Amino acid sequence: MHFIITDAWLAKSRAVHLSGTKLVVVFAGLSLGLMMAAAGLYHWVFLKGAREGWPIIGTLVKLVVKDEFEQRDRFMRENLDAMARRLGEMQAKLVQLEALGERVSGLAGVNPAEIKTTPGRGGALVSGRSLTMEELQATLLDLDQLSSQNTDLLTVMESRLFDQKIKNMMVPTQQPVQAGHVGSSFGWRIDPFSGRSALHTGLDFQADPGTPILAAAGGVVVEQDVHPAYGNMVEIDHGNNLVTRYAHASKVWVKKGDLVKRGQKIADVGTTGRSTGPHLHFEVMVQGVPQDPQKFLAAGRDLPVVASAKALKATAHR
């Protein structure tokens, strides 16, 4: 009897459990259906209200659209700010590159105005699509890398050209008297005092007293003294065992230890010392051995001396 009651109770419980499961499934299905119906109805009402301009729906649409526009504007402003910063960095690099190019062209003897000439462009117009933000950013990145490479290259060129210019500026190729003409040349001649054959170790420039005497190259004044034969004398060391001597000056404007630049006035033409009249006796010595100054001056006749000096001065101040 007990087993019969137990089996009956289990069968009834199983039937109730199955009925509860079916109820849950049915309830879930009904809920899902109601939700979809409500969503569809809401969508239909919202679209209809938006099209027909219902007050409440119209206000909601305006709020949603306004929020979307605000988010889009915020996104655009952030991107525009980022682009503006990148453009500012590019402009700064281009200004730096332009200034560096002018210095390099000046050292190389090229007129910067010729480089700035706008190249000719033309051709048939073939329209294309607008660039995306990603493509524009990639283009700016490429330009940034290219400008950095060009800046590095021009910096190396400037350094080498500047070294070369300094070396050229230290070679005595500047004529020491602009308004004078050559009298006695370098070499053997009849001495004007003894009447005998003697070696003339320099070059004489005939000029009026007081005519400016210019440094033939940059260097350091290593001697400024009154010599029995050379009179008021100045010697400038240009490095590499290269020394120039300026003799018979009436007045000297530099002293020993002064740093002079190419073309600087160092004295005035005179007739002091062993001299028959106002002139400049100019010597060039390499390791103490007199050389023909004409060889050095001839090498500098085709060089734009004044322009080079100005370019060097401008570069040194930058």
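Residues numbered from 1 in each chain as written. Predicted model: local features only at pLDDT ≥ 70, side-chain atom pairs only at ≥ 80, totals over all residues. Heavy atoms only, no water.

## A short note on the pattern of salt bridges
Thought 1: Considering all chains together, one arrives at 6 salt bridges under this definition.
Thought 2: Across the salt bridge formed by K255 and D258, the nearest N and O atoms sit 3.2 Å from each other.
Thought 3: Connected through shared salt-bridge partners, E235, R245 and E283 make up one network. (Salt bridge = Lys/Arg side-chain N within 4 Å of Asp/Glu carboxyl O.)

## Examining unusual backbone geometry
Thought 1: Positive phi values are uncommon outside glycine, yet N241 reaches one of about 60 degrees.
Thought 2: By the element assignment, N241 lies in the loop between β7 (231–237) and β8 (242–252).
Thought 3: Backbone geometry places H248, a non-glycine residue, at a positive phi of 70 degrees.
Thought 4: When its relative accessible area of 4% is taken as the criterion, H248 is described as buried. (Helix = DSSP H or I, 4+ residues; strand = E, 2+ residues; numbered from the N terminus. Buried < 20%, exposed > 50% of the residue type's maximum accessible area, 1.4 Å probe, protein only.)

## Digging into the environment of L141
Thought 1: Within the secondary structure, L141 sits in helix α4 (residues 133–169).
Thought 2: Along the chain, L141 and R86 lie 55 residues apart, while their C-alpha atoms are 8.8 Å from each other.

## Concerning the environment of Q96
Thought 1: On the secondary structure map, Q96 appears in helix α2 (residues 55–108).
Thought 2: As for Q96 and S147, which are separated by 51 residues in sequence, their C-alpha atoms are 9.7 Å apart.

## Quick notes on the layout of surface pockets
Thought 1: Its volume calculated, the second largest pocket comes out at about 380 Å³.
Thought 2: Lining the second largest pocket are 21 residues, with R189, H200, H248, R274 and H281 sitting closest to its centre.
Thought 3: Every element with two or more residues in the lining of the second largest pocket is listed here: β3 (197–200), β4 (203–206) and β11 (279–286).
Thought 4: When the residues that make up the lining of the second largest pocket are grouped by side-chain class, the tally is 7 nonpolar, 9 polar and 5 charged. (1 Å grid on protein atoms, 1.4 Å probe; cavity = no way out; pocket = protein on both sides within 12 Å on 5 of 7 lines; lining within 4 Å. Points joined across faces, edges and corners; volume = space filled by probe spheres on them. Nonpolar A, V, L, I, M, F, W, Y, C, P; charged D, E, K, R; others polar.)

## So, the side chain of H281
Thought 1: Position of H281 relative to the elements: it lies in strand β11.
Thought 2: A polar contact of 3.3 Å, which involves the side chain of H281, links it to the side chain of H200.
Thought 3: Within the structure, H281 has its side chain in polar contact with the side chain of E283 (distance 2.6 Å).
Thought 4: With near-sequence residues (within four places) excluded, H281 lies in contact with H200, T201, G202, L203, D204, Y230, R245, Y246, A247 and H248. (Polar contact = N/O pair within 3.5 Å; in protein donor to acceptor, adjacent residues only side chain to side chain. Contact = heavy atoms within 4.5 Å.)

## Things to note about the nonpolar core
Thought 1: Ranked by internal contacts, the top residues of the largest apolar core, which has 24 residues, are I213, V234, I236, Y246, I266 and F282.
Thought 2: Of all elements in the fold, only β4, β7, β8, β10 (265–269), β11 and α5 (293–299) reach the threshold of two or more residues within this core.
Thought 3: Broken down by element, this core gets its largest block of residues, 4 residues, from β8.
Thought 4: Once you skip the residues sitting within four places of it in the chain, F282 turns out to touch P176, G202, L203, F205, A216, T244, R245, Y246, P293 and L297.
Thought 5: Within the second largest apolar cluster, 5 residues are counted, among which are L97, L100, V104 and L154. (Core = buried A, V, L, I, M, F, W, Y, C linked by side-chain atoms within 4.5 Å.)

## Digging into the pairing of strand β2 (residues 187–190)
Thought 1: Of the strand pairs in this sheet, β2 and β3 are connected by 4 bridges, and their pairing is antiparallel. The partner of G187 across the bridge, within β3, is H200.
Thought 2: Hairpin connection between β2 and β3: a loop of 6 residues separates the two successive antiparallel strands, and G195 in this loop has a positive phi of roughly 75 degrees. (Pairing = 2+ DSSP bridges.)

## Digging into the confidence of the model for the protein chain
Thought 1: Chain-level statistics for the protein chain give a pLDDT mean of 76 and a share of 68% at 70 or above.
Thought 2: This model gives residues 304–318 a pLDDT under 50, and the stretch forms 16 contacts once residues within four places in sequence are excluded. (pLDDT = per-residue confidence, 0-100.)

## Concerning the side chain of H238
Thought 1: Within the fold, H238 resides in the loop between β7 and β8.
Thought 2: At 2.8 Å, the side chain of H238 and the backbone oxygen of G218 are in polar contact.
Thought 3: There is a polar contact of 2.8 Å between the side chain of H238 and the side chain of T244.

## As for the pairing of β11
Thought 1: In terms of burial, β11 is a largely internal element, 7 of the 8 residues being buried.
Thought 2: Examined bridge by bridge, β4 and β11 share 4 bridges and lie antiparallel to one another. Considered in β11, the bridge of L203 is made with F282.
Thought 3: In terms of strand pairing, β8 meets β11 through 6 bridges, oriented antiparallel. Bridging across to β11, T244 finds its partner in V284.

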